[in-house]
Structure formats: structure tokens, C-alpha cells
Amino acid sequence: SRAGSSIPSKSTWRRSTPAGGGGALGAALLEALLATAAFQPLHVLVTQDFHATPAGLRPVLAGTALALPAGLGTLGVVVFDRERHANGRDAAFLRPQPDQLLPLATALQRAGVRDLLVVLPHDAARLPQALRAGLANLDEQAVAALGFERVVFMRSAQPPAGATSRGLQRLADLVLAQLRLMTPQPWQPVRARKVAQLAAALARLLPDAPAGTRVLAPELVWQAAQGEDTLAFAGAWLRGEALPDAALKVPRL
């Protein structure tokens, strides 16, 4: 991806506050945001203090009441992701739950955030087609009505959680895995690194985009992952321009 191909000058640096830096996707997004060099400093919400952080990353302690200090920046990024049990460092990061979307968005707005990017991985089989490109529930509608200048809900299909079952349940999991080969390609899961690159490109360009609420459907996330210029794709989508067609890849059996 070329999302971080050009390094902005100091005059274009922006402050951003991600919530959800743990998990494979959250960690990949922090790495992608730092790689763009567009956000200086990059605050990240944590539940416990830690000092071993990359250059440019500043932990911000978020209390149970989500009382956030002012001055964290004008862009907020909320990532919902699974916990990685093998990675103890993830425990330090705030890991938002779906029912915390509205209170977290409200807390970010009170802290001065004007633009919001919400990354929402989901099980493709559980989200109706009509909701993939629209607001899926009352919480999302409430967030859109809070008064942010720009809101983006980015949906990306994710693979089911790794099966640890045995016996008949394990057999059922294997059958379902085979059935996923029949899922249309644009609904297939995208690697966390690719999702993070696209999210970082959207975060970089969002403050300069026209105001409003947008929903990036999982089919478009998959399409963006097929190309090389993630930043150009994100810019065209935010401006409402035509998007390039993705080359169809034949899955290996």
C-alpha cells in the first residue's frame, strides 16, 4: 500500500486518538497510523499505564467513566477487535465493546474530537445485505446524530473465531469452513494489515473530506485490498468519485 508513501510536513501534522489498540487489527492500525507520520503525537487510550511505547505514541489513561482530557486531537478512531489471549501487552489498551460505542463517541466529542472513524469487523453471515452500506442499529444512528463534522463507519468481514471445539462440533466447524469457499469474494475476510492500511488512509484524509456521515461497505474494503494505492482509493471514496474495479482473484482449493 502507498498509504504512508509520502511524509507530510510539520504544518500538516494532526493529533489523533485511537481507542482499541489491542488485538491483531488494533495493533496493525496503530502501526499503520504511526507509519504515515501524519499524526504527531498519536494518542492511544489505555486502561493501565505502560512505558515501552514506539516513538510518537502517547498512552492516555481512560477511566471507567471514560472521562477524557481535552487536547487529544480532532480525529477519533474506534476499533472493535477480538482479544488475543497470547499477547499480554494488549491488556493495557482500552478494548471497546459494541455497547460502548455511543458513550465512547460522546466522551471523544466532549474532549474536542470533531471527526470520527469507527472500524467494525463483523461476521459477514450475520449482517443483512441492506445494512452493510447503512447504519446498522440505533447506537450507530445516535453516534451519527451527535454532531461530529464527519463520521465514517468502516465495515470489514472477519473470519469466525478459531475453533477449539471437539467431536461433532469440530466436524460442524470444518463443514462451515468449506462452505465459506462458496461465499462471494467481495464478502470474504480481508487481512488485518490491509484493513489497517485502508483505515489509516481514511484517517489521514478524513479531516479534509466533505462533511457528513458515510458507511464503507465490506465489499469496498475487499475492493480496496486488491489494489496498490490505498490512499488514492480512500480519497476517491471520500470525495464520491468513481472507484477502480478490482481484479477478480480465483481462490485456491
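**Regarding the pattern of salt bridges**
Working step 1: Summed over the entire model, instances satisfying the criterion amount to five salt bridges.
Working step 2: Salt bridges linked by common partners bring Arg114, Asp115, Glu149 and Arg150 together as one network.

**Quick look at the environment of Gln40**
Working step 1: Secondary-structure assignment places Gln40 in strand E2 (residues 39-46).
Working step 2: Remark: the alpha-carbon pair of Gln40 and Ser16, spanning 24 residues in sequence, is separated by 8.0 Å.

**Concerning the packing of helix H6 (residues 192-205) against helix H8 (residues 230-239)**
Working step 1: Running from N to C, H6 and H8 cross one another at 55°; their axes reach a closest spacing of 9 Å. It follows that H6 is oblique to H8 by the angle criterion. Of the two elements, H6 crosses H8, and the hand of that crossing is right-handed. Residues Gln197, Leu198, Ala201, Leu202, Arg204 and Leu205 of H6 form the contact with H8, whose participating residues are Thr230, Leu231, Phe233, Ala234, Gly235, Trp237 and Leu238.

**Observations regarding the nonpolar core**
Working step 1: Within the largest apolar cluster, 43 residues are counted, with the highest numbers of intra-cluster contacts made by Leu29, Leu117, Val119, Met154, Leu198 and Leu202.
Working step 2: Residue assignment for this core shows that the elements contributing at least two residues are helix H1 (23-36), E2, strand E4 (75-79), strand E5 (115-122), strand E6 (150-157), H6, helix H7 (218-226) and H8.
Working step 3: In terms of residue count, H6 provides more of this core than any other element does, eight residues in total.
Working step 4: Excluding its chain neighbours within four sequence positions, the residues that come into contact with Leu198 are Met154, Leu216, Val221, Ala224, Thr230, Phe233 and Ala234.

**Section: the side chain of Gln226**
Working step 1: Checked against the element boundaries, Gln226 lands in helix H7.
Working step 2: The buried category is assigned to Gln226, whose relative accessible area is 19%.
Working step 3: Reaching out from Gln226, the side chain makes a polar contact with the backbone oxygen of Trp222 at a distance of 2.8 Å.

Conventions used here
- Residues numbered from 1 in each chain as written.
- Predicted model: local features only at pLDDT ≥ 70, side-chain atom pairs only at ≥ 80, totals over all residues.
- Heavy atoms only, no water.
- Salt bridge = Lys/Arg side-chain N within 4 Å of Asp/Glu carboxyl O.
- Helix = DSSP H or I, 4+ residues; strand = E, 2+ residues; numbered from the N terminus.
- Axes fitted to C-alpha atoms, helices over the stretch in contact; angles between N-to-C directions.
- Parallel < 35°, antiparallel > 145°, perpendicular 65-115°, else oblique.
- Left-handed = near helix turned anticlockwise from the far one by under 90°.
- Contact = heavy atoms within 4.5 Å.
- Core = buried A, V, L, I, M, F, W, Y, C linked by side-chain atoms within 4.5 Å.
- Buried < 20%, exposed > 50% of the residue type's maximum accessible area, 1.4 Å probe, protein only.
- Polar contact = N/O pair within 3.5 Å; in protein donor to acceptor, adjacent residues only side chain to side chain.

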